[in-house]
Amino acid sequence: MKRHVIRSQDFTPEFLARIFDRADQFRRMMEHPAESKKLKKRLKGRLINVLFYEPSTRTMASFVDGAHHLGATVFCTADAGLTSSTVKGETFAHTIRMFNGYRPDVLVVRHKEEGRLAEGALLLNKIGSRTHLINAGDGPGQHPTQALLDVYTLHQQLGSVDGVKIMMGGDLLNGRTVRSLAYLLSKYKDVHITFAAPKQLQIGSDILRHLDEHCTEYTCVGEDFRNLLPAQHAVYWTRLQLERIVHEDIETQKKQREELARIQKDCFCIDAAEMALMRPDAILMHPLPINNEVREISLVAEDDPRCVIFLQAENGMYVRMALLDMLVNG
Ligand code: NCD
């Protein structure tokens, strides 16, 4: 297991098997008050720093709550982009160096810019730090712990990830969860991924190249994605990443955002008709949040028993607890 958790390509099959077992074990223990008390000893006396430069609900809360369930002391800066010394012009490298001096066992960071976490990991290695760095999302780059909880949920709900047919839809160009999930799925056997998106938001060629290199089959489709819904074991939908559609001219930016939102609303939503096309034993996933204006998953679809979005969120805490525990205790 690597010291830092930066990209989903780095997870080995042995690591995946161990972390999913441990997440299962922690889930079972949390269901019994006496057992959950024992969990409190696992990270007793340990310090976890959580530093978020971008908005978050689930990722941050599941790391913080999970660390508390394991008995750790947690220090959290939720809006580091506004309240940390970044506002005063401090570089990310200085912030990382400084945190290292306070000797946290784990530093969990979400950043606006792709590649920053990888730089942070290099810096920590260079200065001989003992702190583990976790990427909780680096701009449009990756979100490896989301991919872990997504694959954990696939395994839990479908019994196996090998042989899975999954359709990923929505904003595949700017969404980091689909990127990390595609990398992780390429480690399993006989997976077929269908990427369903408007052509302006289709998945990046770097991901397709990786899938080719790892002999993972895929298909790219547009608004005719519905024909392929009946073949899927899992449908993984995502919101339009409005915050990543930027243009120097504000009016142009507004128009681009409105146009893409209209395309998603008109052609790339999951509603009752799409649910009717899905297999009775298929699952509907979404990393959340759902954009309530676009409603890429409708209220009707959300109420369908095949929709596992809140289960994914809950699984996120157990998987992140398992990850913290494995980094610190082995
Ligand atoms: C995702 C993210 O931050 O990339 N949210 C999450 O962590 N569950 C998805 C999103 O923001 O659309």
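The following refers to the structure shown. Everything numeric here is computed off the predicted structure, so don't read it as measured data.

## With respect to the overall build of the protein
Reasoning step 1: When helices and strands are tallied, the protein shows 13 helices and nine strands.
Reasoning step 2: Compactness check: the protein gives a C-alpha radius of gyration of 20 Å against a globular reference of 20 Å for 330 residues, within 12% of the reference.
Reasoning step 3: Referenced to the eigenvectors of the C-alpha coordinate spread, the extents of the protein come out at roughly 55 × 50 × 40 Å.
Reasoning step 4: Taking all 330 residues of the protein together, the buried fraction comes to 54%.
Reasoning step 5: Long-range pairs, those at least 24 residues apart, make up 81% of the contacts in the protein with a sequence separation of at least 6.
Reasoning step 6: Taken as a whole, the protein presents about 14900 Å² of accessible surface, with 52% of it coming from carbon and sulfur.
Reasoning step 7: Positive and negative side-chain charges of the protein, numbering 42 and 42 respectively, have mean locations separated by a distance of 9 Å.

## Some thoughts on empty space enclosed by the protein
Reasoning step 1: In total, this model carries one cavity of 30 Å³ or more according to the counting rule given.
Reasoning step 2: Surrounding the largest cavity, Arg58, Ser62, Gln146, Leu149, His286, Pro287, Ile309, Gln312, Ala313 and Arg320 form its lining.
Reasoning step 3: Among the elements of the structure, helix 3 (58-69), helix 7 (144-158) and helix 13 (309-329) are those that each provide at least two residues to the lining of the largest cavity.
Reasoning step 4: Per-element tally for the lining of the largest cavity: the top contributor is helix 13, with four residues.
Reasoning step 5: The residue inventory of the lining of the largest cavity, partitioned by class, reads four nonpolar, four polar and two charged.
Reasoning step 6: Here the lining of the largest cavity gathers at least three residues from each of two domains, domain 1 (8-142 + 316-329) and domain 2 (144-312).

## Here we look at the packing of helix 3 against helix 13
Reasoning step 1: Axis separation between helix 3 and helix 13 bottoms out at 8 Å; the angle between their running directions is 55 degrees. The orientation of helix 3 relative to helix 13 falls into the category oblique. The crossing of helix 3 and helix 13 is right-handed. Across the interface between the two elements, Arg58, Thr59, Ser62, Phe63, Asp65, Gly66, Ala67 and His69 of helix 3 pack against Ala313, Gly316, Met317, Arg320, Met321 and Leu324 of helix 13.
Reasoning step 2: Looking at the contact of helix 3 with helix 13 residue by residue, the classes come out as six nonpolar, five polar and three charged.

Thresholds applied
Residues numbered from 1 in each chain as written. Predicted model: local features only at pLDDT ≥ 70, side-chain atom pairs only at ≥ 80, totals over all residues. Heavy atoms only, no water. Helix = DSSP H or I, 4+ residues; strand = E, 2+ residues; numbered from the N terminus. Rg over C-alpha atoms; globule rule 2.2 N^0.38 Å. Buried < 20%, exposed > 50% of the residue type's maximum accessible area, 1.4 Å probe, protein only. Contact = heavy atoms within 4.5 Å. Areas by Shrake-Rupley, 256 points an atom, 1.4 Å probe, with all protein chains shown as cover. Lys, Arg positive; Asp, Glu negative; His and termini not counted. Charge placed at Lys NZ, Arg CZ, Asp CG, Glu CD. 1 Å grid on protein atoms, 1.4 Å probe; cavity = no way out; pocket = protein on both sides within 12 Å on 5 of 7 lines; lining within 4 Å. Points joined across faces, edges and corners; volume = space filled by probe spheres on them. Nonpolar A, V, L, I, M, F, W, Y, C, P; charged D, E, K, R; others polar. Domains from an automatic or database assignment. Axes fitted to C-alpha atoms, helices over the stretch in contact; angles between N-to-C directions. Parallel < 35°, antiparallel > 145°, perpendicular 65-115°, else oblique. Left-handed = near helix turned anticlockwise from the far one by under 90°.

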